[in-house]
Amino acid sequence: MKTKLAVKNKKSHKARLQLVDRLQAMDKPEPVTEQYDVSFLTYSQKNINRTLYIPPKRCTVQGKVLWDLPALTLMSGQKLAITGNNGTGKTSYLNYVNSIIPSHYRKGYFQQQNSDSQDDDLTLYQMVRDVSSLSQHELRTMMAVLNFKTYNIETRVNQLSSGERAKCHLLCLLIQDLDVLLVDEATNFLDIKALEALEHILKKFPGILLFVSHDTTFVSSLATSELSLDHQVLSSSRIDSCEHDARNKKSGRKDELTILEFRISSLLSQLSVNPNTELEEEYQKLLAERNKLSKLR
């Protein structure tokens, strides 16, 4: 004869089996993917028209020449990557560029060694709110883009790690309307998801961008030209992307003109020291090429 406990266990087991059957019959949920729409960044819709002339400069440290670079001209929409081995003076070059940017240009400079701020007592939300007119939802989205979503927006900046404070400083720059943006090794503080988001945002930046990075994939995807301090050579590395196809001809001419100006300045420096027929012929050839490109603009 069955006991009351046995009957109860049998009913409980039957109920569990019925629940499993119902769950298996349900449609499985689709995997959750996080996608952040940052189209609200109004600067991506603006047509900034700025030109930045960088005079020639030689950098020496304890009598050693790190680099000796001719003049360079950059225009809005151009993104120059500064590359080279450690100790070649990449940060020194960014510091130099920062010092010669016209005072009426709106500029931002992300420095990897200077993430501390006098406003560290502010909360994360207060810090970004004070430099932007974005709504709270938009600011929360931007914080999520750089993986601040696990932190409460009321977390004080001085309670963050040095890496998180650096990301906070970067975030404050990304949400401002700037003419010139300098970025020194921002990729060091970001995970893969945040790095992809940063690349997406900087591609839309309409101003002049100069950045230092050892991440070759990041450089090749973002840069329109590259200045290698190892060889002190400026080269073009335009992006092969469908979204840039429509404007590649115009931006391509800008990049070619920038490289030509760099080579012309370099030749002028050589001619001033060692004038000769071969250099003069090369100089005249480059001038003719520059004039031809200028007429196509």
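Up top is the structure these notes are about.
K.L.:
Even after reading the chapter, I still don't get the pattern of salt bridges, so can you show me in this structure?
P.N.:
Two side chains of opposite charge can pair, provided their charged atoms sit close to one another. Under the defined criterion, the tally for this structure stands at six salt bridges. A salt bridge links Asp68 to Arg58; its shortest N-O distance comes to 3.0 Å. Of this pair, Asp68 sits in strand β3 (residues 64–69) while Arg58 sits in strand β2 (residues 57–61), and the two are ten residues apart along the sequence. Of the residues examined, Asp68 reaches a relative accessible area of 38% and is grouped as partly exposed. A salt bridge links Lys167 to Glu164; the shortest N-O distance between them is 3.6 Å. Remark: Glu164 and Lys167 occur in helix α5 (residues 162–174); sequence separation between them is three residues, near one turn of the helix.

K.L.:
Is there a simple way to explain the pairing of β3 in this structure?
P.N.:
Two faces belong to every sheet, and in a regular strand the side chains alternate between them. Bridge analysis of β2 against β3 gives five bridges, and the strand direction is antiparallel. Counterpart to Val61 in the pairing with β3 is Lys64. In this structure, the hairpin formed by β2 and β3 is closed by a connection of two residues, where Gln62 is found at a positive phi of approximately 50°.

K.L.:
What am I meant to see in helix α4 (residues 136–145) here?
P.N.:
Since there are 3.6 residues in each turn of an α-helix, residues three or four apart along the chain are aligned in direction. Along α4, the positions that sit buried rather than exposed are Leu139, Thr141, Met142, Met143, Ala144 and Val145. Along its buried surface, α4 packs onto α3 (124–129), α5 and α6 (192–203). Following α4 by one or two positions, Asn147 adopts a phi angle in the positive range, close to 65°.

K.L.:
Would you mind showing me how to read empty space enclosed by the protein here?
P.N.:
Summed over the entire model, instances satisfying the criterion amount to one cavity of 30 Å³ or more. The calculated volume of the largest cavity comes to roughly 40 Å³. Around the largest cavity, the lining residues are Val183, Glu185, Ala186, Thr187, Leu198, Leu202, Phe211, Val212, Ser213 and Phe218. Taken together, the elements giving at least two residues each to the lining of the largest cavity come down to α6 and β8 (208–212). Along the lines of polarity and charge, the residues of the lining of the largest cavity split into seven nonpolar, two polar and one charged.

K.L.:
What exactly am I supposed to notice about the pairing of strand β5 (residues 79–83) here?
P.N.:
Of all five residues that make up β5, five are buried, and the element is covered over most of its length. Every second residue of β5 is oriented toward a common face, with Lys79, Ala81 and Thr83 on one face and Leu80 and Ile82 on the other, all of them buried. Judged from the four bridges that link them, β5 and β8 form a sheet pairing that is parallel. Bridging across to β8, Lys79 finds its partner in Leu209. In this sheet, strand β9 (residues 225–228) lies alongside β5 in parallel orientation, the contact comprising four bridges. Within β9, the residue paired with Leu80 across the bridge is Ser225.

K.L.:
Would you mind showing me how to read the packing of aromatic side chains here?
P.N.:
Ring pairs (aromatic) are described by centroid distance and by the angle formed between their planes. With the rule as written, the count across this model stands at five aromatic pairs. An angle of 45° between the planes, with centres 6.5 Å apart, marks the rings of Trp67 and Tyr96 as tilted. Of the two residues, Trp67 is situated in strand β3 and Tyr96 in helix α2 (residues 90–100); the sequence distance between them amounts to 29 residues. Tyr96 matches Trp67 in its accessibility class, with the two residues each being buried. Pairing Tyr93 with Tyr96 gives two aromatic rings, centres 6.4 Å apart and planes at 55°, and the pair type is tilted. Taken together, the positions of Tyr93 and Tyr96, both in helix α2 and three residues apart, correspond to about one turn of that helix. You'll find Tyr93 and Tyr96 in the same group, each marked buried. Ring pairs connect the aromatic residues Trp67, Tyr93 and Tyr96, which therefore count as one cluster. Above the ring of Phe148, the side-chain terminus of Lys167 is found at 5.0 Å from the ring centroid.

K.L.:
Honestly, unusual backbone geometry in this entry has me stumped. Any pointers?
P.N.:
Despite not being glycine, Asn147 has its phi angle at roughly 65°, a positive value. Mapping Asn147 onto the fold places it in the loop between α4 and α5. Even without being glycine, Glu185 reaches a positive phi, approximately 55°. Positionally, Glu185 belongs in the loop between β7 (180–184) and α6. Assessed through its relative accessible area of 4%, Glu185 is described here as buried.

Rules used in this analysis
- Residues numbered from 1 in each chain as written.
- Predicted model: local features only at pLDDT ≥ 70, side-chain atom pairs only at ≥ 80, totals over all residues.
- Heavy atoms only, no water.
- Salt bridge = Lys/Arg side-chain N within 4 Å of Asp/Glu carboxyl O.
- Helix = DSSP H or I, 4+ residues; strand = E, 2+ residues; numbered from the N terminus.
- Buried < 20%, exposed > 50% of the residue type's maximum accessible area, 1.4 Å probe, protein only.
- Pairing = 2+ DSSP bridges.
- Contact = heavy atoms within 4.5 Å.
- 1 Å grid on protein atoms, 1.4 Å probe; cavity = no way out; pocket = protein on both sides within 12 Å on 5 of 7 lines; lining within 4 Å.
- Points joined across faces, edges and corners; volume = space filled by probe spheres on them.
- Nonpolar A, V, L, I, M, F, W, Y, C, P; charged D, E, K, R; others polar.
- Phe/Tyr/Trp six-rings, centres within 6.5 Å; stacked < 30°, edge-to-face > 60°.
- Lys NZ or Arg CZ within 6 Å of the ring centre and 35° of its normal.

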